[in-house]
Amino acid sequence: MTSIGGELPPLRYVVDPYPTFNGIAIDAKNNRVVMSDENRKSVLTYDRASGSNATAVTSPLRQIIGPQTEIGYISAVEFDPAQREIYVVNNDIEDRIVVFDYGAHGDLKPKRRLYVPHQTWGISLNPVQDEIAISVQQLSMVAVYRREATGLEAPLRIIKGPHTEMADPHGVRWDVAHHEIVVASHGNYSVITPYSAYDAEGSNTPTSVGGHFLLPSLSVFEDSAKGDARPLRTIQGPRTKLNWPMGIDIDAANNEIAVANNGDNSVLVFSRMADGDVTPARVIGGVRTGISSPMSVAIDTKNDELWVANYGDHTALVFSRTATGDAAPKRIIRNAPAGTPTGGFGNPYAVAYDSKRDELLVPN
Amino acid sequence: MHGIAYDATHDEVIVPVALGAAVLTFRGGATGAEAPIRVIQGRKTKLIRPHTVAVDEQNGEIIVADTSSRSLLVFARDADGDLPPKRVIQGPKTGLLFIVGVAVDPVHDRIVAASASSIPGGTSGLFIFDRNDQGDVAPRGVIAGPQTGIVRPWQLAVDPSLGRVFVAAINNENHPPYQLEMPRADLARNLQLPSPWTTGALGFVGVWDIHDNGDVAPRAVIKGPGSFLVHPAGVAVNPKGGEVFATDSVRNGLFTFLAPHFFSKPGADRVPIENRRDHE
């Protein structure tokens, strides 16, 4: 049978040619900022002092991009200033963390790779203990590995179970000074069973424990916690304004936690010791801020600045560390000319046609 | 989310929430943080990791493909809360494993599932069931094999008026290194797994007849560098406008193809497009 069709060119397409920022990390000592780019599947490193109020694209110092990099559906990034290494987390496809040297640029193989569970999102380094912590969305779990773990090396310990109260965790941050790990959860909770094409069906039919939608939260654990550990403190409730909390950072010097609050285009700052249904100490949000679908934040205590990586706009924003309300950013890093719209796609795996409105619906 | 369905009759949008073991229904045109109008969730639903959904507007049903329970679960369209499915297709006879696509054809009374298996003896392809099947039943037809070109199927769409099944064959090679929270025991510790983006076969959108069975080539395809498709995962159709829509995660984009000949009546569809143009 001869198939009809063939190499049809698309009549229309929606593809964003520019990067979109997602994860962010700062190395104030070496004056570097690194951000992940989910759209073009790359990692961009900037000078810490870069950015301005101009409308032009900000030039990165380096960009890691290409098929050899093993960078794909990317989420968080992390710096290791002592080793001068960049950690890059792939979230929903590649199931691996890849590590590059500071000087990496272009299409090159990673220095090392660590395979991780599917839907790993966040990462945080503890340079004192030489360990990294990651968050895993679909397992509602935090796993801790050796810093130099490679290949299929198993985690040293995991925090997982109903008592942890984690539910679809994203941002994770190791508070090295206080021996704690903070985790931001969206609130989607279920207990899955093996599901992949490589998992043979067991003799028993898997049973459902029933899914739940919990309120989004910030959970604080002892950094030695393992198993079904209860959090030391939990920030959760309507007063918190938490709404799809993504990346987080901790200011141990000033005892604060900053959260990229994706659901309402804001950054929330809580007291580090806050617990329960508490109001944030500060909220940065409003038209002047330029915050649009923020994915991650980074606090630079050395230079008293707070960085925000936007996904809904082709920008990263630099605020005063103590900014509050509808404050304008001090400077802006642009990965596309000002005003360039974003496609908004993040790993589009489905589409539906709304015949009533002649619209296409694409879930991320 | 890896699935979505639009119900034109009731102007509603249905999405699965894999991480909350739920199926949500929104009003059509919903925007922002608008709440769903119905939520199927809870222990009785048997939902564990609902991956994708289809809606049968004619018979008032929602069909859910669950990757963890390896099952197709059928709910009433207006189901709301913690309630059991009306029917479940599940078990070794079904051949279903990693079910990532589902579509329903109420005209020909068929449910089509896209399922992948990488275990010995398993089958990756399209599994076609009677719409009212339930329990551990063998499919009426299985479209799989080298002639199909399907290495790894993903989302499905159906044009019920003609009984056409549209398949996004993502076709990339994806070997998960973990089983849930631990590294897979069957993998060598020093193994280097392929990158899902740079390996596998080139993906395509393929079209089959709902009555096709076995190792049969697609009746129509959209494929190749000129199509921009590398590993397409999503597919939807607008039969009235002759349009095929596809999403591609490598491109991180959405593509619209004008292919009215894909929606022509039986009898004309076997003619290659080049010849069709000659006669037009």
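Model, not experiment: these values are computed from the prediction. (Residues numbered from 1 in each chain as written. Chains lettered and ligands numbered in written order. Predicted model: local features only at pLDDT ≥ 70, side-chain atom pairs only at ≥ 80, totals over all residues.)

Caption draft 1: Quick peek at the interface of chain A and chain B. Across the contact, 76 residues belong to chain A and 93 residues belong to chain B. Elements with a minimum of two residues in the side of chain A that touches chain B: β1 (4–6), β2 (12–14), β13 (141–146), β14 (157–160), β17 (188–189), β18 (212–213), β29 (352–354) and β30 (359–361) of chain A. Among the residues making up the side of chain A that touches chain B, the classes are represented as 41 nonpolar, 23 polar and 12 charged. Direction of pairing for β2 of chain A relative to strand β21 (residues 253–258) of chain B: antiparallel, over a ladder of three bridges. Of the residues in β21 of chain B, the one forming a bridge with Val-14 of chain A is Leu-254 of chain B. (Contact = placed C-beta atoms within 7 Å. Helix = DSSP H or I, 4+ residues; strand = E, 2+ residues; numbered from the N terminus. Nonpolar A, V, L, I, M, F, W, Y, C, P; charged D, E, K, R; others polar. Pairing = 2+ DSSP bridges.)

Caption draft 2: Looking closely at the sheet that holds strand β19 (residues 232–238) of chain B. The strand order across the open sheet formed by four strands is β2(A)-β21(B)-β20(B)-β19(B), and the pairing between neighbours is antiparallel. Edge positions in the sheet fall to β2 of chain A together with β19 of chain B, since each has one partner strand and no second. Here the strands of the sheet are splayed against their neighbours by 15 degrees on average, with no regard to which way each runs. Bridge analysis of β19 of chain B against strand β20 (residues 243–248) of chain B gives six bridges, and the strand direction is antiparallel. Bridged to Ala-236 of chain B within β20 of chain B is Phe-245 of chain B. (Axes fitted to C-alpha atoms, helices over the stretch in contact; angles between N-to-C directions.)

Caption draft 3: Structural context of the sheet that holds strand β11 (residues 120–126) of chain A. All names here are of chain A. Pairing within the open sheet is antiparallel, and its four strands lie in the order β11-β12-β13-β14. Each having just a single partner strand, β11 and β14 make up the two edges of the open sheet. With direction set aside, neighbouring strand axes in the sheet form an average angle of 20 degrees. With five bridges joining them, β11 and strand β12 (residues 131–136) adopt antiparallel strand pairing. Residue pairing for β12: Leu-125 is matched across the bridge by Ile-132.

Caption draft 4: Highlighting unusual backbone geometry. Of note in the backbone geometry, Asn-255 of chain A takes a positive phi value of approximately 55 degrees without being a glycine. Inspection of the secondary structure assignment puts Asn-255 of chain A in the loop between β21 (245–251) and β22 (256–261). Given 16 C-beta atoms within a 10 Å radius, Asn-255 of chain A is considered partly exposed. Although it is not a glycine, Arg-70 of chain B adopts a positive phi angle of roughly 50 degrees. (Buried ≥ 20, exposed ≤ 12 C-beta atoms within 10 Å, placed from the backbone.)

Caption draft 5: How the structure looks around the environment of Leu-114 of chain A. Residue and element names in this part refer to chain A. As for its placement among the helices and strands, Leu-114 is situated in strand β10 (residues 112–115). A count of 25 C-beta atoms within 10 Å places Leu-114 in the buried class. Sequence spacing of Leu-114 and Gly-211 is 97 residues, and the spatial spacing of their C-alpha atoms is 30 Å. Look past the residues within four positions of Leu-114 in its chain and what remains in contact with it is Arg-96, Ile-97, Tyr-145, Ala-149, Thr-150, Gly-151 and Glu-153.

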